Structure formats: structure tokens, C-alpha cells
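# Report on the structure
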Amino acid sequence: AQSVSQHNHHVILSEAASLELGCNYSYGGTVNLFWYVQYPGQHLQLLLKYFSGDPLVKGIKGFEAEFIKSKFSFNLRKPSVQWSDTAEYFCAVNGMNTGFQKLVFGTGTRLLVSP
Amino acid sequence: DGGITQSPKYLFRKEGQNVTLSCEQNLNHDAMYWYRQDPGQGLRLIYYSQIVNDFQKGDIAEGYSVSREKKESFPLTVTSAQKNPTAFYLCASREQGAPEQFFGPGTRLTVL
């Protein structure tokens, strides 16, 4: 069965600091990878996604993620965070073994950015 | 305005009562999903449906039931058999052939 690990449960940063959130998954076959974000009081939103091609993907609000197949990782990065990035971030994967039908989520990382 | 609606936003029920959570989408998506979100546990899949009149159990289906009589609607019933029903419930949908899912605003259920 697929699983997704997010090792940072809580992260606290000051504005302008750089961010990297780790995500590792267990499935060895073809996967699609996602980062979702949940701002306080808002819907879960898609931040970025990787299906194929360039392993460095760019998303909304200056976020990017790099797919490293050999490490089964899809870490999220942002060079300079803002107070408005305070949110909970979820990594998710779906794999060919389920026909890409089911998303498996990590446990989430709560990011607090202090002004 | 296309999207997924879930109602109500907050729901309170007494222990032992069944309760049905609504999920409607006007995106013309074929697949719909129900997740449960608990602090520190991420999202866990309860049930999903890829087509009308068909649905499959997810990872934590015990104590829940669903129906899919219409393409745009996928209601979830939390039964009295669910041992720990208090949680935040999220509905999602997905277009046929596309991997990403889109989420509704959620319903926070509290069982007293």
C-alpha cells in the first residue's frame, strides 16, 4: 500500500526566511504527486502538481517542488515566506496501482510565519 | 460559479443518531470522494465513487454509508456505528482522466 510521510509536523519561520517541507512516499511505480494547502478557514487548494517531465515544478504564490525519483521525495520549497503563507500543507500521491483513482495524503505540516 | 458545496458548515448531533452530510458539485465531474480530517492525521479516504450508482470503500469506511444516485450529488451518512464521528469531513471531485481532485469547504461534525 502507498504511504506518504511528512516529517515536519510544525514549522515556525520569520518572514523572508526560506522554506523547505519534506515529503517522501513509498510506492515504487508511476506516481502523480501533489501539494495542497489549507489556509485558515479556507478550502483545501491545489498548490502544485507533478505528473511527468521536468522534475522541478512551479506552483502558485512562488512555491516550487522537486521530484527526486531515486529518493521517493517531493519536497516543497519557497525562497522567502510571507505572513500570508501561514497554513497547513499536505503532500499527496496517487499511483498507477490504483489507476490513479485514489489520493493518499501525508499527515500535514502546520507552518506559522511570524511577521 | 462552478464548484463543490458542502452543507452545513457546522453540524451538531447527539450520540446514537445518524446524520447525513451533503456534497454537491456543478463541475460535471464523474468521480467524487469523501475524506475525514483529524488533527495530526491528514486526510483519510472514507468512500469514493467513479460513476453514478457505483461506489467503493476507502480506508476507513466502517460506520459510514454513501449513495450516488445523481452525478452531482454524493451524500455521506455517519451512522451510530461510527465510534468516533467527531471530525472535519471533506468532499472532493475529479474530472474523468485527470488525476487532481478539487475540494469543498468541509463540514465540521461534532457529536455530543
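Note that the structure is predicted; figures quoted are calculated from it, not measured.

Bringing the overall build of chain A into the picture now. Within chain A one finds zero helices and twelve strands. N-terminal to C-terminal, the α/β element order of chain A is β-β-β-β-β-β-β-β-β-β-β-β. The C-alpha radius of gyration of chain A comes to 14 Å, within 12% of the 13 Å expected for a compact globule of 115 residues. By principal-axis analysis of the C-alpha atoms, chain A measures approximately 45 × 25 × 20 Å. Out of the 115 residues in chain A, the part that is buried amounts to 48%. The long-range share in chain A, meaning contacts at least 24 apart out of those at least 6 apart in sequence, stands at 57%. Element-wise, carbon and sulfur atoms account for 55% of the exposed surface of chain A, whose accessible area totals about 5,400 Å². Each charge class in chain A was averaged separately, 9 positive and 7 negative side chains, and the resulting centres sit 7 Å apart.

A word on the nonpolar core. Counting 29 residues, the largest nonpolar core has L33, W35, L48, F74, L76 and Y89 of chain A as the members making the most contacts within it. Among all residues touching L33 of chain A, those that are not within four sequence positions of it are Y25, L48, K49, Y50, F67, F74, A92 and V93 of chain A. Ranked by size, the runner-up nonpolar core spans 19 residues in total, among them M32, V66, Y89 and L109 of chain B.

The next thing to look at is the layout of surface pockets. Here the largest pocket defines a volume of roughly 560 Å³. Only β10 (87-95) and β12 (109-114) of chain A together with β4 (31-38) and β9 (87-94) of chain B provide two or more residues apiece to the lining of the largest pocket. With three residues, the single largest contributor to the lining of the largest pocket is β10 of chain A. Its residues assigned to classes, the lining of the largest pocket comprises ten nonpolar, twelve polar and five charged.

Another point: the sheet that holds strand β8 (residues 76-78) of chain B. All names here are of chain B. Ordered by their spatial adjacency, four strands build an open sheet running β1-β3-β8-β7, and the pairing between neighbours is antiparallel. In this open sheet, the two strands that pair with only one neighbour each are β1 (4-7) and β7 (64-66). On average, each strand axis in the sheet is tilted by 20 degrees relative to the strand beside it, whichever way the strands run. Judged from the three bridges that link them, β7 and β8 form a sheet pairing that is antiparallel. Pairing of S65 across the sheet is with T77, part of β8.

Once that is clear, we can look at the side chain of T86 of chain A. Residue and element names in this part refer to chain A. Structurally, the position occupied by T86 is in the loop between β9 (73-78) and β10. There is a polar contact of 3.0 Å between the side chain of T86 and the backbone nitrogen of V113. Ignoring any residue separated from it by four or fewer positions in sequence, one finds T86 in contact with Y39, P40, L111, L112 and V113.

In this complex, chain B contributes 21 residues to the contact, which on the side of chain A involves 18 residues. When the area that chain B buries against chain A is broken down by residue, the three leading residues are P99, E100 and F103 of chain B, summing to 31%. Counting the contacts that link chain B with chain A gives one salt bridge. The salt bridge involving K49 of chain A is made with E100 of chain B; its shortest N-O contact spans 2.7 Å. Viewed at the interface, chain A and chain B are joined by five residue pairs in polar contact (both at pLDDT 80 or more). When residues of the side of chain B that touches chain A are traced back to their parent elements, those giving at least two are β4, β5 (42-51) and β9 of chain B. The element contributing the most residues to the side of chain B that touches chain A is β5 of chain B, with five residues. Tallied by class, residues from the side of chain B that touches chain A come to eleven nonpolar, seven polar and three charged.

Once that is clear, we can look at a nonpolar patch on the surface. Together, Y10, F12 and L112 of chain B make up an exposed nonpolar region whose accessible area comes to about 380 Å². Checked against the element boundaries, Y10 of chain B lands in strand β2 (residues 10-13).

Looking now at the state of the cysteines. Residue and element names in this part refer to chain A. Taken as a whole and judged by the stated rule, the model has two disulfides over all chains. Each sulfur of the disulfide joining C23 and C91 lies 1.9 Å from the other. On the S-S bond that ties C23 to C91, the torsion sits near -65 degrees, and the link is left-handed. Placement of C23 in the loop between β3 (19-21) and β4 (24-25) and of C91 in strand β10 is noted, with a sequence separation of 68 residues between them. The pair formed by C23 and C91 is uniform in burial state, with each residue classed as buried.

Rules and cut-offs
- Residues numbered from 1 in each chain as written.
- Chains lettered and ligands numbered in written order.
- Predicted model: local features only at pLDDT ≥ 70, side-chain atom pairs only at ≥ 80, totals over all residues.
- Heavy atoms only, no water.
- Helix = DSSP H or I, 4+ residues; strand = E, 2+ residues; numbered from the N terminus.
- Rg over C-alpha atoms; globule rule 2.2 N^0.38 Å.
- Buried < 20%, exposed > 50% of the residue type's maximum accessible area, 1.4 Å probe, protein only.
- Contact = heavy atoms within 4.5 Å.
- Areas by Shrake-Rupley, 256 points an atom, 1.4 Å probe, with all protein chains shown as cover.
- Lys, Arg positive; Asp, Glu negative; His and termini not counted.
- Charge placed at Lys NZ, Arg CZ, Asp CG, Glu CD.
- Core = buried A, V, L, I, M, F, W, Y, C linked by side-chain atoms within 4.5 Å.
- 1 Å grid on protein atoms, 1.4 Å probe; cavity = no way out; pocket = protein on both sides within 12 Å on 5 of 7 lines; lining within 4 Å.
- Points joined across faces, edges and corners; volume = space filled by probe spheres on them.
- Nonpolar A, V, L, I, M, F, W, Y, C, P; charged D, E, K, R; others polar.
- Pairing = 2+ DSSP bridges.
- Axes fitted to C-alpha atoms, helices over the stretch in contact; angles between N-to-C directions.
- Polar contact = N/O pair within 3.5 Å; in protein donor to acceptor, adjacent residues only side chain to side chain.
- Buried area = accessible area lost by both parts, 1.4 Å probe.
- Salt bridge = Lys/Arg side-chain N within 4 Å of Asp/Glu carboxyl O.
- Patch = residues over 30% accessible without salt bridge, like charges linked within 9 Å, V, L, I, M, F, W, Y side chains within 5 Å.
- Disulfide = S-S within 2.5 Å.

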